[in-house]
Amino acid sequence: MEELNNELEDMRDFIKSYQQLQQKKESLFTVLRHGHELNLILQKAYGYLNNPINICDSSFSILDSYPTVDDARSLEVRNDRLSLKNVFSSDMKESNLTDHIFHSIYPFTTKVDAFEYDWAFESIRINRAVVGYICVRGINRDFTDDDLEIIHHLSHIISVYLQKNNAYINPNGITVDRFLKQLLLGHFENEDTIKSQIGSIGYKPSAYYYLMAYEFVDSDPKLLSTNYFCQQLQSIFPAAITGTYEGQLVTLLPAKRTSPFSIATEDRLSTFLTMNRMLCTISFVFTELTEAPTYFGQCRCIFNMVDLEENIGNILRYGEYCLRHIATLLDDPSLFLATIHPAIKFLQAYDMENSTEYLNTLETYIKCNRSAPAAAEALHIHKSTFFYRIEKMKSLFNIDISNPDNMFAYEISLKILDISKKYRY
């Protein structure tokens, strides 16, 4: 009998605990239903979790927090928004924490380097995209199973909140979009006019520029307002001009050097793209803003050349697609294939008939920066064998690796040959 009473008591405690948890979850939903701001939702959740709550977007910026977060070790102000430092977001990626957030549909706890307490994370999802995540620091007490239930419920509430709320709007959006439209349509008279306009909307001209365009893999239904994503991209590229043109997200990116961004920024962008099921393209560098429409065309053409689903999270550079773009501009694709050097065609045919590796040997030599020792190592052959093949190619097909013009023609031909295999020109 005593054992039965204990079981009944345990059952009553379980039911009571379950009812209390459901009441907490219902009270959070009530705050949302009454139209209160995000901070009040977090304040209510904090009363149950007793640990600080941060809501981050997919660019690692803080959307809101309760209590107000203040951590100089991991946070900094970027584009007037509190955001994770690059080094901290890079650490998250290297430790696979961002990957865990992206793939997990339930909250989880983990350790974070340099912090003595546990952290709890859960993604905030709309359809299949991760538009942000919850981060709770276990500063005041350890996490319980009920805490994780509350966090999971909070994730759904914030997802609904973001879809119905228009608070995260770029106040300069209309001005920026108007500028980008005039720029990309080529409506400005000259360079000085464009630079003056850039200054008037609060940005600084630069010596070098890139254009970037973005595409959502899941375009229907639309996740959130484009302003929400513009704000996140602005956090990643504080000095850049980001807006929309013809419904597409666009960034005019200034650069002090002839490279678009640092490795840390590239990691940050790649994570943002992956979480939101997006990809982006980037043009060649250019110096004359009046030529922006041409370079924007470089960005757009790539989207028609690739499988969007297979490139989620990727940053596609025009340099990797320029030859194929040239091919699409020709009325007759056979003209493009006819530019392949005859020696390369002969090499290919000979290899197929005789099971030799001459074409691969030449291609490996070019990829190894025309270094014979490096090519031999990459081919897993002795240097003498490598030079034997080169001499054989010279006698059979008049291949001359000492002639720079020929080497240029061989390299271009190999790239065209590769394009023809992939896209069947």
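Provided above is the structure to which this section pertains.
Pairing is possible between side chains that carry opposite charge, provided their charged atoms lie close to one another. Tallied over the entire structure, the rule returns 9 salt bridges. Among the ionic pairs, Asp118 bridges to Lys111, the shortest N-O distance being 3.0 Å. The class of Lys111 is exposed, set by a relative accessible area of 56%. Taking the shortest distance from any N to any O, the salt bridge between Glu363 and Lys367 comes out at 3.7 Å. Residue Glu363 and its partner Lys367 are both found in helix H14 (residues 358-367); the two are separated by 4 residues, about one turn of the helix. In this structure Lys367 comes out as exposed when scored by relative accessible area, which is 67%.

This next bit is on the environment of Leu414. Structurally, Leu414 can be placed in helix H17 (residues 404-423). Judged by its relative accessible area of 8%, Leu414 falls in the buried class. For the pair Leu414 and Gln22, spaced 392 residues apart in sequence, the C-alpha separation works out to 65 Å. Setting aside residues up to four positions removed in sequence, Leu414 forms contacts with Ile344, Leu359, Glu363 and Ile366.

Evaluation of the coordinates by the stated rule reveals 3 cavities of 30 Å³ or more. Taken as a whole, the largest cavity encloses approximately 80 Å³ of empty space. Residue lining of the largest cavity: 13 residues in total, with Leu84, Phe88, Trp119, Tyr133 and Cys135 positioned closest to the centre. Secondary-structure elements contributing two or more residues to the lining of the largest cavity are strand S1 (53-57), helix H3 (86-94), strand S6 (118-126) and strand S7 (129-137). Counting residues per element, the lining of the largest cavity draws most heavily on S7, at 3 residues. Its residues assigned to classes, the lining of the largest cavity shows 11 nonpolar, 1 polar and 1 charged. Quantified by volume, the second largest cavity comes out at close to 40 Å³. In terms of lining, the second largest cavity is formed by Ile198, Tyr203, Lys204, Tyr209, Ala239, Ile241, Leu252 and Pro254.

What follows covers the sheet that holds strand S2 (residues 62-66). Spatial strand order, S2-S1-S7-S6-S5: 5 strands in an open sheet with antiparallel pairing. Each edge of the open sheet carries a strand with a single partner, namely S2 and strand S5 (108-111). Direction aside, neighbouring strands of the sheet carry axes that sit 25 degrees apart on average. Against the sheet, helix H5 (residues 145-164) touches S1, S2, S5, S6 and S7, its axis set at about 35 degrees to S6.

Turning our eyes to something else, we now look at the packing of helix H2 (residues 38-49) against H5. The interhelical angle for the contact between H2 and H5, taken along N-to-C directions, is 175 degrees, at an axis separation of 11 Å. As judged from the angle between their axes, H2 and H5 are roughly antiparallel. Only Asp147, Ile150, Ile151, Leu154, Ile157, Ile158 and Tyr161 of H5 make contact with H2, whose side of the interface consists of Leu38, Ile41, Leu42, Ala45, Tyr48 and Leu49. Taken together, the residues that form the contact of H2 with H5 break down as 12 nonpolar, no polar and 1 charged.

Definitions and limits used
- Residues numbered from 1 in each chain as written.
- Predicted model: local features only at pLDDT ≥ 70, side-chain atom pairs only at ≥ 80, totals over all residues.
- Heavy atoms only, no water.
- Salt bridge = Lys/Arg side-chain N within 4 Å of Asp/Glu carboxyl O.
- Buried < 20%, exposed > 50% of the residue type's maximum accessible area, 1.4 Å probe, protein only.
- Helix = DSSP H or I, 4+ residues; strand = E, 2+ residues; numbered from the N terminus.
- Contact = heavy atoms within 4.5 Å.
- 1 Å grid on protein atoms, 1.4 Å probe; cavity = no way out; pocket = protein on both sides within 12 Å on 5 of 7 lines; lining within 4 Å.
- Points joined across faces, edges and corners; volume = space filled by probe spheres on them.
- Nonpolar A, V, L, I, M, F, W, Y, C, P; charged D, E, K, R; others polar.
- Pairing = 2+ DSSP bridges.
- Axes fitted to C-alpha atoms, helices over the stretch in contact; angles between N-to-C directions.
- Parallel < 35°, antiparallel > 145°, perpendicular 65-115°, else oblique.

Read these as geometric descriptors, not functional statements.
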